[in-house]
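# Observations on chain architecture
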Amino acid sequence: MPLICGRNINFSYADKLVLDNLSFAIEEGQVVAIIGPNGSGKTTLLKIINGLLLPNSGRILIENKDTSQWLRRELAKAIAVVPQENLSIFPFYAEEIVLMGRFPHLGNYSFEHKKDYRIAHAAMEKTDTLAFAARRFDQLSAGERQRVLIARALAQEPKILLLDESTVFLDLKHQAQFLAMLRQLNQEQKLTVVFVTHDINLASSHADRIILLYSGKNYAIGSPAEVITAANIKEVYDVNVLVDQNPHSGLPRMTLFT
Ligand code: ADP
């Protein structure tokens, strides 16, 4: 039984069809990349998986249960999201933002316990954010804010981690650290990861499977070698590219012709 299963999903904002008869299955422990041009429906698909939006028709199942039937708090325990927009207007401290990841685990009316602080601090250590625990979130750089939001997602101890362009603001060192940490969580805790990215080589080198969206349709789904082909990229992005093999990993490597 797949952990996440989409069956013939259609979704429209007002009368604009954004997801068009989309079906896919994601197994527990898989790392899946969602790629596609601007406006192809990637962020909308993450919001459907997350239960924030419901399909107009078709079904989205997490552990074989429709997201509409999940209790909000239970879904929030199972799925953590690192969103694309990360500018908070509220003057929270970074540590408070990370502790928010513990909310779904707290009982009604209860405050954080020592255990929650311990988990939040461990997440901050992993993301190299402890140094600015006491700084205001809205005064951090975009990359620092992104790392705090990744820490919040880790503190949530989810089964499924959804990432929307979560590496764009990270410098090379923190990007490498983050990707290594994802791989470790994936291998040690069977964390299932679904990430949206514009970086096709990142998708190729870090995903087990890739979903290529085109105008809300599932244009291709499969291993990097099946999806990252010059013909698919030409058709979907309308650019000419060279696809060869990364000499280190043997995985597809894309180079843009200019
Ligand atoms: P992507 O993440 O692939 O860039 P999105 O899922 O963000 O695509 O958007 C898909 C389409 O839906 C776009 O045409 C976008 O303009 C439109 N859209 C996104 N959010 C909304 C919204 N809240 N209301 C109306 N249209 C939206």
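Our subject is the structure that appears above.
Let me begin by describing the structure that accompanies this report. (Residues numbered from 1 in each chain as written. Predicted model: local features only at pLDDT ≥ 70, side-chain atom pairs only at ≥ 80, totals over all residues. Heavy atoms only, no water.)

### Brief notes about the nonpolar core
Counting residues in each nonpolar core, the largest one holds 48 residues, and the members touching the most others are Val 148, Leu 161, Leu 163, Phe 195 and Ile 210. At seven residues, the largest contribution of residues to this core is made by helix H5 (residues 142-155). With sequence-adjacent residues up to four places away left out, Phe 195 is seen in contact with Val 31, Val 32, Ala 33, Ile 34, Leu 163, Leu 202, Ala 203, His 206 and Ala 207. Within the second largest apolar cluster, 28 residues are counted, among which are Phe 11, Leu 22, Leu 46 and Leu 53. (Core = buried A, V, L, I, M, F, W, Y, C linked by side-chain atoms within 4.5 Å. Buried < 20%, exposed > 50% of the residue type's maximum accessible area, 1.4 Å probe, protein only. Helix = DSSP H or I, 4+ residues; strand = E, 2+ residues; numbered from the N terminus. Contact = heavy atoms within 4.5 Å.)

### Describing the sheet that holds strand S4 (residues 57-62)
Judged by pairing direction, the sheet is antiparallel, and its four strands sit side by side in the order S2-S1-S4-S5 without closing on themselves. This sheet does not close on itself; its edge strands, each paired only once, are strand S2 (16-26) and strand S5 (65-66). In this sheet, S5 lies alongside S4 in antiparallel orientation, the contact comprising two bridges. Note on S5: the bridge partner recorded for Ile 62 is Lys 65. (Pairing = 2+ DSSP bridges.)

### Some words on the layout of surface pockets
As a volume, the largest pocket reaches approximately 510 Å³. Breaking the lining of the largest pocket down by element, the ones donating at least two residues are helix H1 (42-49), helix H2 (72-78), strand S6 (79-82) and strand S7 (160-164). (1 Å grid on protein atoms, 1.4 Å probe; cavity = no way out; pocket = protein on both sides within 12 Å on 5 of 7 lines; lining within 4 Å. Points joined across faces, edges and corners; volume = space filled by probe spheres on them.)

### Examining the site of the ligand
Near the ligand, the surroundings consist of Tyr 13, Lys 16, Val 18, Pro 37, Asn 38, Gly 39, Ser 40, Gly 41, Lys 42, Thr 43 and Thr 44. The contact in question runs from an oxygen atom of the ligand to an N or O atom on the side chain of Lys 42, over 2.8 Å. At 2.5 Å, a side-chain N or O of Thr 44 approaches an oxygen atom of the ligand. About the coverage of the ligand: the protein hides 58% of its 560 Å² of free accessible area. Sorting the residues of the shell around the ligand by element identifies S2 and H1 as the ones contributing at least two each. Of the residues forming the shell around the ligand, the biggest block, three residues, is contributed by H1. Looking at side-chain class alone, the shell around the ligand contains three nonpolar, six polar and two charged residues. (Near = heavy atom within 4 Å. Polar contact = N/O pair within 3.5 Å; in protein donor to acceptor, adjacent residues only side chain to side chain. Areas by Shrake-Rupley, 256 points an atom, 1.4 Å probe, with all protein chains shown as cover. Nonpolar A, V, L, I, M, F, W, Y, C, P; charged D, E, K, R; others polar.)

In short, shape yes, function no, at least from these values alone.
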